[in-house]
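Read off the chains here:
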Amino acid sequence: MFKWLVLLTILALVSAEIQRIKIHKNQDHKNTRQTRKQAIQALKHKYHKTEDIIIYDDGVPIYVQPDYGYDYPSQNTDDYTNEELGNSMNMYYYGEISIGTPPQYFNVVFDTGSANLWIPSAQCLATDVACQQHNQYNASASSTFVSSGQNFSIQYGTGSVTGYLAIDTVTIDGLAIANQTFGEAVSQPGDSFTDVVFDGILGMGYQQIAEDNVVPPFYNLYAQGLIDEPVFGFYLARNGTAEEGGQLALGGTDQSLIDGEMTYTPVTQEGYWQFSVNNITWNGTVVSDGCQAIADTGTSLIACPPAAYTQMNTLIGAVLIQGDYYVPCSTVDSLPVLTFNIGGTNFDLPPSVYIQTYTEGNYTSCMSTFTYIGTDFWILGDVFLGQYYTEFDFGQNRVGFANLA
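All values derive from a computational prediction rather than experimental measurement.

## Observations concerning the overall build of the chain
- Tallying secondary structure elements over the chain gives seven helices and 27 strands in all.
- For the chain, buried positions account for 59% of its 405 residues.
- Within the chain, counting contacts between residues at least 6 apart in sequence, those at least 24 apart form 73% of the total.
- Entry remark: accessible area of the chain is about 15600 Å², with carbon and sulfur atoms responsible for 48%.

And the structure:
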């Protein structure tokens, strides 16, 4: 697909630049053990919705995908766009987009673990709590709206988000994508989207995992010549503020956020952003060797294969209480780092990162961020990604990691 996109980029009349997308944070929303449970439940549904696409071979997911090719123009340019992002409870990173003419504004999670864009619809029921709490897309108010005549259903969170497929202009930090297909949701069951600061999801995974084979917005950003390279990168600020939650760079690499060289590793199966990890060690103990992992900006936690899940929580001295693993808060500072060797480079997670602290009333508890959702591969969420600049390269089918400046 990217082979013919090259021609469109060359023919673009205006030179594109890297876009910087701002990430925001809701400081009033509290991170509690209940929000963690909701996040785990959502993650389980998210990664068990594509069984018709995945064929398992010794526990490693294999995706059926077209060949995108590697021949896009590598420019090593500083022309890119950065959108600053917001951080909600170190769990959700989101930025603003607009849809329609005149523009209607929405906060969306830029999610590398999915591939569809959807937002709430003005046609949702009055009884849909999540919809009523958020901005709603009004198709009749947009002069560029086109009906697709199709319904959509996306398994996300504790149920299926359902509604209609619409076509309209989607604008990301001034980049107007023409004729983008997206979902306007009329039903959001369960509580995954109630009391959250974002309105919807903008998936940034491969088209293979998109429901209804919809072309993801990032594909169209490149196809329509709005960015120079099919590359984007995340800086996710941990404990960021409402205005300074991080940044998403579209169309190139933001070198100002990087200290040293980027380590790249090939995508092993296109669909999710999946890659090989040479080994994962803790204080000299090998937790996993020659394993697979997925980089997912749409989750806050680290999901482990079953054996590693048990071993990690044993190593850190965690005790299982009502389904969650806790450690004595007094021991956190003395725990060793957890090291991921990716592409020959070691990437460390300190205990202050892989242990989360929750304060409710006068009581403080410390909980392991390691969870198990039934996968045989690791899912590296914001706990890991927030420590590094992470780049996603469609053109060369690779993921890159670098220390933050």
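## A word on the state of the cysteines
- Scanning all chains against the criterion turns up two disulfides.
- There is a disulfide in this structure between Cys124 and Cys131, and the S-S distance comes to 1.9 Å. Handedness of the Cys124-Cys131 disulfide follows from its S-S torsion of about -80 degrees: it is left-handed. In this pair, the class of Cys124 matches that of Cys131, namely buried.
- With its disulfide-bonded cysteines labelled consecutively along the sequence, the chain is connected as 1-2, 3-4.

## Examining the nonpolar core
- Core analysis: the biggest nonpolar cluster contains 73 residues, and Ile97, Phe232, Leu250, Ile316, Phe340, Trp378 and Phe384 have the highest contact counts within it.
- Those residues in contact with Phe232, other than ones at most four positions away along the chain, are Thr112, Met204, Phe218, Leu248, Ala249, Leu250, Trp273, Thr390, Glu391, Phe392 and Phe394.
- Of all hydrophobic cores here, the second largest spans 15 residues; its members include Ala130, Phe152, Ile154 and Val196.

## Quick notes on the pattern of salt bridges
- Throughout the structure, instances matching the rule amount to two salt bridges.
- Here Asp393 ties to Arg398 by a salt bridge, and the two come within 3.1 Å at their closest N and O atoms.

## Considerations on the pairing of strand β16 (residues 285-295)
- Pairing of strand β15 (residues 273-282) with β16, which is carried by eight bridges, proceeds in the antiparallel orientation. Residue Ser276 lies in a different strand from β16, and its bridge partner there is Gln292.
- The hairpin turn running from β15 into β16, its antiparallel successor, is two residues long, and Asn283 in that turn takes a positive phi close to 55 degrees.

## Some remarks on helix α5 (residues 306-315)
- Here α5 has its buried residues at Ala308, Tyr309, Met312 and Asn313. Seen end-on, α5 carries its buried residues on one side only, within an arc spanning 120 degrees. Exposed residues pointing more than 90 degrees away from the buried face of α5 are listed as Ala307 and Thr314.
- Immediately beyond the C-terminal end of α5, within one or two residues, lies Gly317, with a positive phi of roughly 75 degrees.

## Side note on the confidence of the model for the chain
- Of all residues in the chain, 78% attain a pLDDT of 70 or more, and the chain-wide mean is 83.
- Note on residues 49-78: pLDDT is under 50 here. Beyond four places in sequence and across chains, it has 74 contacts.
- Contacts of residues 86-91 to residues separated by more than four positions or lying in other chains number 43 contacts, the stretch itself having pLDDT below 50.

## Some remarks on the packing of aromatic side chains
- Scanning all chains against the criterion turns up 26 aromatic pairs.
- Considering the side-chain rings of Phe232 and Phe394, the 6.2 Å spacing of their centres and the 50 degrees angle between planes classify their relative orientation as tilted. Residue Phe232 is found in strand β12 (residues 231-236), and its partner Phe394 is found in the loop between β26 (388-393) and β27 (398-404); the two are separated by 162 residues along the sequence. For the pair Phe232 and Phe394, a shared accessibility class is recorded, and that class is buried.
- Between Phe234 and Phe392 the ring centres are 6.1 Å apart and the planes differ by 90 degrees, which places this aromatic pair in the edge-to-face class. On the criterion of sequence distance, the pair formed by Phe234 in strand β12 and Phe392 in strand β26 is long-range, its members being 158 residues apart. Residues Phe234 and Phe392 agree in their burial class; the two are buried.
- Within the aromatic cluster, the residues linked to one another by ring pairs are Tyr206, Phe218, Tyr219, Phe232, Phe234, Trp273, Phe392 and Phe394.

## As for the sheet that holds strand β23 (residues 363-368)
- Judged by pairing direction, the sheet is antiparallel, and its four strands sit side by side in the order β18-β19-β23-β22 without closing on themselves. Unpaired on one side and paired on the other, β18 (319-321) and β22 (355-360) mark the two borders of the sheet. On average, each strand axis in the sheet is tilted by 45 degrees relative to the strand beside it, whichever way the strands run.
- As paired elements, strand β19 (residues 324-327) and β23 share two bridges and run antiparallel to each other. Bridge pairing links Tyr326 to Met367 in β23.

## Examining the pairing of β15
- Pairing between strand β14 (residues 258-270) and β15: three bridges, direction antiparallel. By the bridge assignment, Glu270 is partnered in β15 with Trp273.
- Connecting the antiparallel pair β14 and β15 is a turn made up of two residues, with Gly271 showing a positive phi of about 155 degrees.

## Observations regarding the environment of Gln150
- Locating Gln150 in the fold gives a position in strand β8 (residues 146-156).
- Spatially, the C-alpha atom of Gln150 lies 8.1 Å from that of Ala166, the residues being 16 residues apart in sequence.
- Ignoring any residue separated from it by four or fewer positions in sequence, one finds Gln150 in contact with Tyr164 and Leu165.

## Quick notes on unusual backbone geometry
- The linkage connecting Thr101 with the following residue, Pro102, adopts the cis geometry, with an omega of 0 degrees.
- Tracing the backbone shows Pro102 in the loop between β5 (92-99) and β6 (104-111).

## Examining the side chain of Thr253
- One can find Thr253 in the loop between β13 (246-250) and β14.
- Look at Thr253 and you get buried, because its relative accessible area is 13%.
- Within the structure, the side chain of Thr253 is placed 2.5 Å from the side chain of Glu391, a separation counted as a polar contact.

Cut-off values and rules
Residues numbered from 1 in each chain as written. Predicted model: local features only at pLDDT ≥ 70, side-chain atom pairs only at ≥ 80, totals over all residues. Heavy atoms only, no water. Helix = DSSP H or I, 4+ residues; strand = E, 2+ residues; numbered from the N terminus. Buried < 20%, exposed > 50% of the residue type's maximum accessible area, 1.4 Å probe, protein only. Contact = heavy atoms within 4.5 Å. Areas by Shrake-Rupley, 256 points an atom, 1.4 Å probe, with all protein chains shown as cover. Disulfide = S-S within 2.5 Å. Core = buried A, V, L, I, M, F, W, Y, C linked by side-chain atoms within 4.5 Å. Salt bridge = Lys/Arg side-chain N within 4 Å of Asp/Glu carboxyl O. Pairing = 2+ DSSP bridges. Arc of directions from axis to C-beta. pLDDT = per-residue confidence, 0-100. Phe/Tyr/Trp six-rings, centres within 6.5 Å; stacked < 30°, edge-to-face > 60°. Axes fitted to C-alpha atoms, helices over the stretch in contact; angles between N-to-C directions. Polar contact = N/O pair within 3.5 Å; in protein donor to acceptor, adjacent residues only side chain to side chain.

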